Each structure stands twice: as C-alpha cells, then as structure tokens.
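Residue-level structure breakdown
What follows is the residue order along each chain.
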Amino acid sequence: MSRSARHGSPALERWGRHVARHAKAIVGFWVLFIVVGFAVALGATGTPSLFSRLDSGEIVVAGENQDGRDLLAQGGGSGFSTYTQTLTGVDLSDPAVASAAATAVQDLSAIEHVESAVNPFVVPGGPSTPDALRFVLDGDPASGGFATVVTFDEANTAEQEAAATDQVDAVFDGLAEDTGATGDQRGGLRSLVDRIIEQVKIDGQRGEGIALPVSFLVMVVVFGGFLAAGFPVLGAIASIAGALASLLGLSYLLDLDASVVNVVTVLGLGLCIDYGLLVVSRFREEMRALLQGTPATDATHAQVVAATAATMNRAGRTVIFSALTVAISLSGLLVLQIPFIRAVSVAGVSVVLIALAVALTLIPALCVLGARRLLKRGTETASDVGVFSRLAERVHRMPWVVIAAVSAVLVVMALPALRLELTSSGPELLPVGTPERTFYEDFRAGYPLLAGAEVLLVSRAPVAEVQAWADTAADRPGVESVDPVRELDNGVVTVGFQTGDSGTGEASRDLVDSLRSDRAPFDAYVVGQASGIVDFRATVADRALWAAGLVVLATLVLLFLMTGSVVIPIKALVMNVLSLGAALGVTVWIFEDGHLEGLLRFASTGALENTIPLLVLAFGFGLSMDYEVFLLSRIVELHEQGHDTRSAVTLGLQRSGRIITSAALLMVIVFSGFAAGDLLIMKQMGVALVLAIVIDATLVRMLLVPATMSVLGSANWWAPAPLRRLHERWGITE
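A brief structural summary. (Residues numbered from 1 in each chain as written. Predicted model: local features only at pLDDT ≥ 70, side-chain atom pairs only at ≥ 80, totals over all residues. Heavy atoms only, no water.)

What about the pairing of strand β6 (residues 455–459)?
- The element β6 is extensively covered by neighbouring structure, given that five of its five residues are classed as buried.
- Here β6 shows two buried faces, one formed by Val455, Leu457 and Ser459 and the other by Leu456 and Val458.
- Sheet topology places β6 next to strand β9 (residues 493–498); five bridges connect them, and they run antiparallel. Pairing of leucine 456 across the sheet is with glycine 496, part of β9.
- Relative to strand β10 (residues 524–527), β6 runs antiparallel, the two being bridged by four bridges. Its bridge partner being in β10, leucine 457 is matched across the sheet by valine 526. (Buried < 20%, exposed > 50% of the residue type's maximum accessible area, 1.4 Å probe, protein only. Helix = DSSP H or I, 4+ residues; strand = E, 2+ residues; numbered from the N terminus. Pairing = 2+ DSSP bridges.)

Dropping the structure here:
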C-alpha cells in the first residue's frame, strides 16, 4: 500500500462527501454572501462604505520623525486641515485687488467650521512685507500671484468639512473673478488624500475589469468549456466580496491605508482563481477515472460524491498546504512594528482564509451541480509524454549546465537590488498631470515657505536659542536655504530647510543624517519624508531577521510534513530567494532607474516606495511556495508509488506542468490588471509580482527544480532517522 493511501485523510474525504450532499445549500449561501458582502462594503445598506473609512499618506513608524510630527501637531502646524487657492495674472498693487482679497478673507472667516483665513493683503503692511511674502508667488510682488490659505477646525467631521469646502469654493470663485485672475488652482492635503483613495477605487475596478474577463477566456481554453471556466471566476468574485467585507470590519480595528484594499483583493482574486483551477481540474480527473470511459450522462450521484471526496482528499490537501504557506508568509509581517504593514498582514491572512473557504466549499459544490456538463468536453487525464516531460528529459541530460546558466541569469537580474533606494511619496503617487499632483508641484515651486520645508527641525527651545543655531546651519549638507524660525502654538518652534528635492532625494537624506549625527544644542526632532524613511529602515532592520526566521522555520516544517525530506525544503527556500531577488532587481531597474516609463506609463521618483520590498518578498514568497506545493505534491506522490527520483520528476512535471503554467498565466493576468492602474505604488507592486511569478514559473519550476533534483538523486529524500520516524507518524502527503 502506498504512503499516499496510508496518510489519507478521512476528515477531508468526509468533508468532500458532506459538500456533495449539500451542494445546493452551499452555493445558495455563497450567492447570498456575495450580494451581502458587496452591499455592506460599498455602503448600499446605509452603513459607512469601506472607501469612506480609508486613509492615505506617508507610512509612519515609531521614531524621531513621528515624535516630531506629534509635537508639530500640538503647535497647530500639521497642515492637514488647510485648503489653499493660488491665483496668477493678478496686479498685486491694484487697490481693487487688495479690497477684494481682504473682503474674501472676511467672508471665509465667517463660514462655519473655518478656523482662519489669510492672504498677503490682510498681513499688516501688505504684500511687500517680509511676513506676507510667503503668501506671494516666488516671494515677488511683481510676479502677479498670491495664495489664500483657509484652515478648518480640526474637530470637523468629514461631512462638515465637505460642506464648508463647498462654501469656501464659492468665495474663491468670487475672488478669482473680482481680481481678474487668469490662473486658479486649489488644493490641500485632505483633497490629495481623497484623490488617492478615489484612484485606489478606480484602479481596483479597472484591474478587476481586466482580470476577470481575460482570466475567464484563458480558462475556457484550458478547460475546453465555459462552465468549468466560470467556476473559478465565480469563486474569485466571492473572494472579492469577502475581501471587501472583511476589510470593512478590520477598518474598525485598524487604520487602513487606501492601498491595502487593492493589495489584498488582488491576492484573494489570484488565489481563488489558482485554487479553483486546481480543484476543478482534479474533480474532472477523478470523475473520468471513476467513469472509465462511460458517457458523462451515465454518471451516478454516488460517483459524483466519491469524486468530490477524492478531490478534497487530494487537491483539497494541496490547497490547504498552499494557503498555509501564503498565510505564514504574510503572518511574518506582523513581527514588524509598522502599522501599515501589520494591517496588510492581518487583512491578507483574512483574505487567504476566504480563498481557502471558497476552494473547499463553493468550487466543489459547483462541480457537483455541474458534474455531467463538466465532462462533456476536454479531459484531465494527462499523457505521460508531452512538452513538459520532454523538457524534463533535456534538463536531466545536462543538469549542471542548466543549474549554472539559470543561477547566473537570476544573479544578474538580482544585482540592481543591491542599490535599492526607498522613498515615501505623496503627490508623486498620482500620474503626472493629475490636478491634485499639479497643484502640489506648482505650490512647492512657487510658495516654498507655505508648502513647507523638505526637512524641518521641531523643538520647544526658546526662539532666540533656535535662531542663533539656525544662523549657523546654512552650510549643512544638502541645504539650499534656511527658512525663518517660526513660533507656533504651545511654545513649539520650527526651522525649515529647503533642499530642492521634494524631501525624498539625496540632499534631504544627507541633511537628515547631518542633523541626527551632529545635533542642535537643544532638544529637537528632525521631521520630514527623508527622516521618516530613516526611521522606516531602522524599524525594518530591527525586526527583519525575526520575521524572516519565523517564516523560514514554519515553511520548512510544512514542506517537511509534505515531503518527509529536509533537503527539498532547504532547496526550495534557496531557489525562492534567488527568484525573489531577481524579481526585486528587475523592479529596481524599471522604477528606480526609470526604464520603460513610456510603456508602463509612470514617472520615476528615483526609488521604490518603502513598503514595496517587504510586500513583494512576503507575497512573492507565498506565491512561489504555492507553485512549489503544486509541483512537489505530484512528485512526492509518484515517488511514494515507487518511481525513482528522475522518473518522479519527469512525470510530476508532465502531470502538473499544465496546471502550474495555467495558474501562473492567470496570476500574471490578475496582477497585470493592477499594474495597468495609475497609482504608482500599485503599479510597482503589480509589476514586481508579475516578474516574481513569471521568473518562478519558468526558470525555477520548469528548469532549476528538475535540474537540482536530478543532480541530488536519492539524496533529495534524505532526513535524519528521528525525523523520518516523525514523518511516518505525522507526515501528510497528497
């Protein structure tokens, strides 16, 4: 008797029979779940929608930058509740303009929920005074431009601020008309955040709109029929509904960044399609084995129940292993002390569980209801000779050459990752030309003192002491100019440094390093995007080894339980590191170096968003192990049936190659849909994961795995005697 039989799972078989006997009820439950999930998540039930509860902005971590921001907020200098109008083509010396601007400030200040309003015409002395010049374009009254800044009460609700903004816009309209302005731009941090959140929603809908129909067409080809192809797609729709609903629930427990939505929904979408493909394929294979050539119309209910039980016992086991590896990979992110990353981790694991539930309930139930029609076309009985077996034989004839060539290619692809630079973008997340991004770019260029310094020093030291130190700081690395010292509320004092690189470039980084290593002679915090990036790196470095260690250990244990070997799990981890390194390296080459900007429709910021490497490594590792499980489950099964290693690899690749290739193609389609979006962070994520999947499913699974297993031969299955005994008792195989 084979080990596969000895380690069969009565529980999974019983579950398969239960699903087969209650298929209609299970499908009915999921249909209701889909309707309710979308209704609740989109706010159709009268409750707040998911998108109304999202936030966006710089990824914050505990550290000096965040402490400084907290102090800045105490002084009322956060700037989040401001809304600004900039006008051009105005004669600032015209008394009529001065009168209109002063009247507008009075009207704005009278609006409910507006805390204050200011422009250069209400500053004592008028636009030419030093205090007023920061509200004047380029600090030059002859430039013909000025800004009006409205500050809302920070206690406002979103609805109150939206209503107040409408009234402010009406006053702004009148001001533009009364001054004869030829240019009128408006914006603020809140409007920028709202635009990013809206772009998340647009990109998500676009990605799903591309991924679902294209995936369906590909599966029609794979399965040879519309019905079988539709089952994984319906499962994917269920996963999206579940993902959105679960995210809405999590939004009451965690602060969710807008990009979390697309990150986790795309994962659920891809996994459901992959798992659906595997389950439907195995079900058809089991049905054909039971029918033994008899017409599909003659299939009995007992045969359908038996096929479902066998499918759950085999493909169901593979799906569970795969889901566990992905969940473990994402759970490793919980170790990192970064709220955004932890939110992705928790949300991602919840979506993986939904995908697992769909694969173990909805998909087999649909197979039961459509069993006879599923078998009318196509076959899952793969020939033992074909494209993949011939590829494996060629690899077996020169394994060392394949190992050397593929490893060299992967290392070369990974080299750009050695010069990885991180950033934390704001307006740059949006495409060039987006009104909100254009406003900020023009605002930074024309009103540097209003837009805020690239690097800011925040303190409660006496103003005179800060001023004395600031007078000596102009020669610091990266400094173009030093802003006037400002005294805010509650004794908070700030001095800003202009570096000319939007706060994320080399100049800002050099300045932050200088200010942190050569401290001011009073207690102070260094604040800005570059400072936040330094804290982010430090936080990751502090916990990265723990996170990686936990993921590696758990993955080794899982693969050992499946294979009974300690060699195969270690080899799988090494190959995954090579694969992910190559994907990250090419991503750096594209986005950091600015290659393919026209093709992919993005403007390089000279760096990757700081969360991308972590997310790519976590998601990419999980998905790589997904395909590893698909392939190894077949190889282990064949080896336990008595095949030698070379034969097991050849047949395993032949019998699973079509599924792995199809699953990888479908996952590429899913991620390509989101890479086609406009939000930079999602584009980087989508492209990086497409690269990870393509590299893993081709160079690694099709070439490197059979080559290394061929070289190792029987050593692939080695394990110390105590571990062999442990596997005899607790090991789980397909």
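There is more to say after this.
Some thoughts on the state of the cysteines
- With the rule as written, the count across this model stands at zero disulfides.
- For the unlinked cysteine cysteine 272, the closest cysteine sulfur is that of cysteine 367, found at 13 Å.
- For cysteine 367, a relative accessible area of 0% translates into the label buried. (Disulfide = S-S within 2.5 Å.)

Thoughts on the packing of helix α7 (residues 189–223) against helix α23 (residues 645–675)
- Interaxial distance between α7 and α23 falls to 7 Å at its minimum, and their mutual angle equals 155°. As judged from the angle between their axes, α7 and α23 are roughly antiparallel. Taken as a pair, α7 and α23 cross one another with a handedness that is right-handed. Contacts between α7 and α23 involve Asp203, Gly204, Gly207, Glu208, Ile210, Ala211, Val214, Ser215, Val218, Met219 and Val222 on the former and, on the latter, Arg658, Ser662, Leu665, Leu666, Ile669, Val670, Gly673 and Phe674. (Axes fitted to C-alpha atoms, helices over the stretch in contact; angles between N-to-C directions. Parallel < 35°, antiparallel > 145°, perpendicular 65-115°, else oblique. Left-handed = near helix turned anticlockwise from the far one by under 90°. Contact = heavy atoms within 4.5 Å.)

Let's talk about a negative patch on the surface
- Where like charges cluster on the molecular surface, the negative patch consists of Glu115, Asp153, Glu154 and Asp489.
- Checked against the element boundaries, glutamate 115 lands in strand β2 (residues 114–118).
- Owing to a relative accessible area of 57%, glutamate 115 belongs among the exposed residues under this scheme. (Patch = residues over 30% accessible without salt bridge, like charges linked within 9 Å, V, L, I, M, F, W, Y side chains within 5 Å. Areas by Shrake-Rupley, 256 points an atom, 1.4 Å probe, with all protein chains shown as cover. Salt bridge = Lys/Arg side-chain N within 4 Å of Asp/Glu carboxyl O. Lys, Arg positive; Asp, Glu negative; His and termini not counted. Charge placed at Lys NZ, Arg CZ, Asp CG, Glu CD.)

Section: the packing of helix α9 (residues 258–291) against α23
- Running from N to C, α9 and α23 point in directions that differ by 155°, and their axes come no closer than 10 Å. With respect to α23, the axis of α9 lies roughly antiparallel. α9 and α23 meet at a crossing whose hand is right-handed. Where α9 abuts α23, its residues Asn262, Val266, Leu269, Gly270, Leu271, Ile273, Asp274, Leu277, Leu278 and Ser281 lie against Ile659, Ser662, Ala663, Leu666, Met667, Val670, Phe671 and Phe674.
- Residue classes in the contact of α9 with α23 are distributed as 13 nonpolar, four polar and one charged. (Nonpolar A, V, L, I, M, F, W, Y, C, P; charged D, E, K, R; others polar.)

Section: the pattern of salt bridges
- As enumerated under the stated definition, the model contains 22 salt bridges in all.
- Two residues, aspartate 203 and arginine 206, come together in a salt bridge whose shortest N-O distance is 3.8 Å. Of the two residues, aspartate 203 and arginine 206 are both situated in helix α7; the distance of three residues between them amounts to about one turn of the helix.
- For aspartate 203, a relative accessible area of 0% corresponds to the buried category.
- Note that glutamate 441 and arginine 437 form a salt bridge whose closest N and O atoms lie 2.7 Å from each other. One end of the pair, glutamate 441, and the other, arginine 437, are both in helix α15 (residues 435–446), four residues apart, so they sit about a helical turn from each other.
- Residue classification places glutamate 441 among the partly exposed residues on the basis of a relative accessible area of 34%.
- Accessibility expressed as a relative area gives 8% for arginine 437, which makes it buried.
- Among the charged side chains, a network of salt bridges with common partners joins Glu64, Arg516, Arg519 and Asp535.

These values are about where atoms sit, not about what they do.
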